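Letter by letter, the chains look like this.
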Amino acid sequence: MTAISATLVDNLATWATSTGPEGAPVSARRAARRLVLDRLGISLGGRRLLGQHPTAMLALPGQPSASLWGERRSVFAPYAALANGCAGDALELEAGPDCVEAGWAAAEIADRSFGDLLTAVIAGAEVGGYVRRWLAGPLEEHGLHPPAMLGALSATVTAGRLLGLSAARLAGALAGVACLTPRAPFGPFTGGSTGKTLYGGWPHFLGLWAGLWSADGMVGPPTALEGSRGIAQSVLDAGGAVTPPPFGPGVHGWDVEQVTFKPFPCCRASHPALTALAGLERADPAAIREVRVRTYPYAVELERRVRGQAPIAAQASVRWSVAVFLAHGELQPGRSFTATTVSDPIVTRLADCTTVEVGLDYAGEGPRVRGAQVEIVLNDGRVQAARADEPRWGPSAPATDEELRERFCALVGDELPPALVDADLLDLPESTPMRALVAASERGGTGPSL
Amino acid sequence: MPESLLLRTARRVADLGWEDLLPAVRERLPLVVLDVLGCGWVGARLGVHAAWVEQIVAAGGPADATVWARGDRLPAPHAALVNGTIAHHVEMDDGNSRASLHGGVTIVPAALALGEQTGASGRAVLAAIAAGYEAAIALGRPLLPGIGAHRLHPPVMVGCFGATAAASRMLGLNVEQTAGALALAAEVLPAGPFEAFTKGAPIKDTYGGWPALVGVQSALLAQAGLAGAVDLFEAPGDGLGPSLLHAPLDTAGFGPDPEEILHNQYKAYSTCRSVQPTLTAVERLGPLDPDDVAAIQVETYPYAVGLSDDADPTTAIGARTSIPYGVASLLLDGEVYPESFVARALADPRRQALAGRVRASIASDMASSPPVRGARITVTLTDGTIRRSEVRATRWSGEDPATPEELRAKFRRLAGAAAPALETAVDALPGAPHLDGLVAALRVRP
């Protein structure tokens, strides 16, 4: 008898539904808490600072339902995941794999505990990290937005585990989502379209649908990823079946622990330059004659693609992000990138006098070094210079728990329901039922609830 | 700078009314609707994806639009999703080779769902459907080479544009909103790997319904104020051109064509289009006793051979890309209709044995670019007799289009007992002030 080789979705699903994710170290569970806290805060912050996202209009009653964060209502779960994911996307602060919004909705549906959510997030992050290492580079070369395409796989694993799917059903869901996930061009971001914010929620929408559908047999082909007409060959331009790299969970360290949070509300490509700037004494914007940024090639390539100066395009641009930072001395979520700020003559002059080029120190072969050197030439001829070979909150100096807590509270605002303050997701007992947490948040307070 | 393709297309869509349609287009539109309704009814009769449909129905939500052949009413995006998916299963819905579009299962469900929700007139719905076809083909044509090169399924992408255009028209969006809606759809075009089809995965059937859902939602989001990037086709570094063609897209030669729907092709067989030239050639051979067949050699165009070689003929979906399975079914059943793909047929040893005697290879004279979508058949009978047949096009395509009578006969066959009510209601659409008559017919069970 000849053994049938398991396909990649089989392998991923078998691991994700096993005790493997439960075996992750305490540090991984801590990292998962941090990710949940941050994504929740960003979504609630987006709702508070930017108003209701249009996808919330699509979110209609239906079963199974889950909470629409910040709106004190439950809606059909895929739409809760969609709207919750989109709500904070325009803040450009979200980090890490797309696990939390789909996972939260699935945890509510299946009446799971906070600990179950953490385990599922670890699983989703691990699968997402594996696929990202394999395909994100080629996706970027195609001008595509890797998280928008690959995020659905993380979301499916997270949701699927919480929904209690078997390995076979989760494999089918992963294969199904691989068929419906978008190729997702980067162009909406660099073109400044508000539609770009769909990328924040669509992976969760798809992931939850796929998880629900697989229970009724609406699944994809087992070779959806590596097959001769599958997704990977289309990304790698292979023209036929491809051999995936080995999946070794935890081999490179746990992916959820490698999430680096975003301190600045703009594309990561700008973060090294902004980190360097933050180390300089603030100059009078009117005294600045020229700004020179030398950074890593992908950031320069993105800069070349930016079209127009809509707020979202400015968030994709090193030049505009630097200009707003220099004009205001900081970047505030929901405040620094608006139609008013990007049309401010001070900002536009600074953007016009900023150049972005590849820095030789960052252009070599090998792993990408996300660094930048910045020179500010003042009108009197003096030059301020700084460099950052890693963005703030990068791998060597990650955000502390306190910094993340502060950021969460700042985003959510001072009308936070007491129950949510008391809960403190960084210390919440893992046995806490998710439905109880949501219900508690809806009592008291006038501001955002879950 | 010239206006972007999305804006040019939106300008046509947003302005298109019944009075703007060519007489031939007006005449053709009811047949377009009937063709997909027939597919929907036979899918429902076969119980396709019954548990999945129940799940979507159980999800509930506002009762805005009707699930065909069931009568349940769902939110418009969900009704469009279910109707397009079930109708697509049998692979007899229409096509348009200029952009590899399956407009019937993507555009029509979106237009009918929103037409029902908004209380639109029959003419408004039909005009929206025409707008959908024009937009889908205008936007799909420049992308088609890139989609094919990546071994992806063009209709699932192209159909999103058509459904979005139709939905935008139904919602009365202006030019900018329509362009924005089309751009939103472009963001979330499903990757649609062909693997789902050749390997017979159930999700492939959503390649009909998912674009319908995307279309309705994109239009609703644009109406709610979400703005798409209307230069997404032309964006040089990270628009749709680089993502699929590795180069910026020159859209200068593309745009809506008012005759587009007249180029539709209809399917006489329940298979992927790639199998259909072969089936046409086999039919031309005339009567043939399957037991007399020793071997059949099929020569056809490369794409068809590649799909067939990758096909899993043990599944109802995968078998529809298999040339050997299609040929065997035609010889055994005398036709290739949905019944040739039910579980009993798939497991039929006689069919499998006959398929095992069919070989497909590439015809060098059909390998041009674009290919000649033809087939050459050589049948060797058990007594040594050789019979040959060759076609350069599929039945009901090109120089040999389906007649209205043939399309109505196909519809009646597929829709069964529901056919009279549906046919009456659809034919009345050009004079109908609303869709109530059609909606009543849509509830008729198979």
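The rules behind each value
- Residues numbered from 1 in each chain as written.
- Chains lettered and ligands numbered in written order.
- Predicted model: local features only at pLDDT ≥ 70, side-chain atom pairs only at ≥ 80, totals over all residues.
- Heavy atoms only, no water.
- pLDDT = per-residue confidence, 0-100.
- Disulfide = S-S within 2.5 Å.
- Buried < 20%, exposed > 50% of the residue type's maximum accessible area, 1.4 Å probe, protein only.
- Phe/Tyr/Trp six-rings, centres within 6.5 Å; stacked < 30°, edge-to-face > 60°.
- Lys NZ or Arg CZ within 6 Å of the ring centre and 35° of its normal.
- Pairing = 2+ DSSP bridges.
- Helix = DSSP H or I, 4+ residues; strand = E, 2+ residues; numbered from the N terminus.
- Axes fitted to C-alpha atoms, helices over the stretch in contact; angles between N-to-C directions.
- Contact = heavy atoms within 4.5 Å.
- Expected span 1.5 Å × (residues − 1).
- Buried area = accessible area lost by both parts, 1.4 Å probe.
- Salt bridge = Lys/Arg side-chain N within 4 Å of Asp/Glu carboxyl O.
- Polar contact = N/O pair within 3.5 Å; in protein donor to acceptor, adjacent residues only side chain to side chain.

A.B. asks: How should the confidence of the model for chain B be read in this particular structure?
C.D. replies: One rule of thumb: low pLDDT means the predicted coordinates there are not for detailed reading. On average, chain B scores 96 in pLDDT, and the residues at 70 or more come to 100%. Confidence estimates for the predicted assembly give a pTM of 0.97 and an ipTM of 0.96.

A.B. asks: Help me out: how do you make sense of the state of the cysteines in this one?
C.D. replies: By definition, a disulfide links the sulfur atoms of two cysteine residues through a covalent bond. Scanning the model with the defined rule gives 0 disulfides over all chains in all. Cysteine Cys267 of chain A is unpaired, with the sulfur of Cys266 of chain A as its nearest cysteine sulfur at 7.3 Å. Summary of cysteine pairing: Cys160 of chain B is not part of a disulfide, and the nearest cysteine sulfur, belonging to Cys179 of chain A, is at 14 Å. Given the relative accessible area of 0%, Cys160 of chain B is considered buried.

A.B. asks: Even after reading the chapter, I still don't get the packing of aromatic side chains, so can you show me in this structure?
C.D. replies: We describe a pair of aromatic rings using the distance from one ring centre to the other and the angle between the two ring planes. On inspection of all chains with the given rule, the structure shows 22 aromatic pairs over all chains. Considering the side-chain rings of Phe186 of chain A and Phe189 of chain A, the 5.6 Å spacing of their centres and the 20° angle between planes classify their relative orientation as stacked. With respect to class, Phe186 of chain A is no different from Phe189 of chain A; both count as buried. An aromatic cluster is built from Phe76, Tyr79, Trp202, Phe205, Trp209 and Trp213 of chain A together with Trp52 and Trp210 of chain B, whose rings are joined through pairwise contacts. The ring of Phe189 of chain A has Lys196 of chain A sitting right over it, with the charged end atom 4.4 Å from the ring centre.

A.B. asks: What am I meant to see in the sheet that holds strand 6 (residues 383–388) of chain A here?
C.D. replies: Each strand in a sheet pairs with its neighbour through backbone hydrogen bonds, running either in the same direction (parallel) or in the opposite one (antiparallel). Residue and element names in this part refer to chain A. On the basis of which strands lie adjacent, the open sheet formed by 4 strands has the order 4-3-5-6 and mixed pairing. Whereas interior strands pair on both sides, the edge strands pair on one side only; in this sheet they are strand 4 (354–358) and strand 6. For this sheet the average axis-to-axis angle between neighbouring strands, irrespective of direction, equals 15°. In the packing of helix 12 (residues 271–278) onto the sheet, contacts are made with strand 3 (288–295), strand 5 (372–378) and strand 6, and the angle to strand 5 comes to roughly 50°. Helix 15 (residues 318–328) rests against strand 3, strand 4 and strand 5 of the sheet, and its axis sits at about 135° to strand 3.

A.B. asks: I'm lost on helix 4 (residues 76–89) of chain B in this one. Help?
C.D. replies: Owing to its 3.6 residues per turn, the α-helix brings residues three or four apart onto one side. All names here are of chain B. For helix 4, which comprises 14 residues, the first-to-last C-alpha distance of 20 Å matches the rise-based estimate of 20 Å (1.5 Å per residue) to within 8%. The element helix 4 is extensively covered by neighbouring structure, given that 14 of its 14 residues are classed as buried. Glu91 occupies a position one or two residues after helix 4 and carries a positive phi of about 55°.

A.B. asks: Would you mind going over the interface of chain B and chain A with me for this structure?
C.D. replies: A common way to state how big an interface is: give the accessible area lost once the parts meet. Taken together, the contact between chain B and chain A spans 65 residues of the former and 61 residues of the latter. Summed over both partners, the interface of chain B with chain A buries about 4800 Å², with 65% contributed by carbon and sulfur atoms. Contact with chain A buries surface across chain B, with Arg151, Glu187 and Asp238 of chain B losing the most and accounting together for 15% of the total. On inspection of chain B and its partner chain A, the count reaches 4 salt bridges. Salt-bridge contacts for Arg307 of chain A lead to Asp238 of chain B; the nearest nitrogen and oxygen are separated by 3.5 Å. Between chain B and chain A we count 29 residue pairs in polar contact (both at pLDDT 80 or more) in total. Counting residues per element, the ones that place at least two in the side of chain B that touches chain A are helix 3 (50–59), helix 4, helix 9 (175–187), helix 10 (195–198), helix 11 (206–223), helix 12 (240–245) and helix 14 (302–310) of chain B. Per-element tally for the side of chain B that touches chain A: the top contributor is helix 11 of chain B, with 8 residues.

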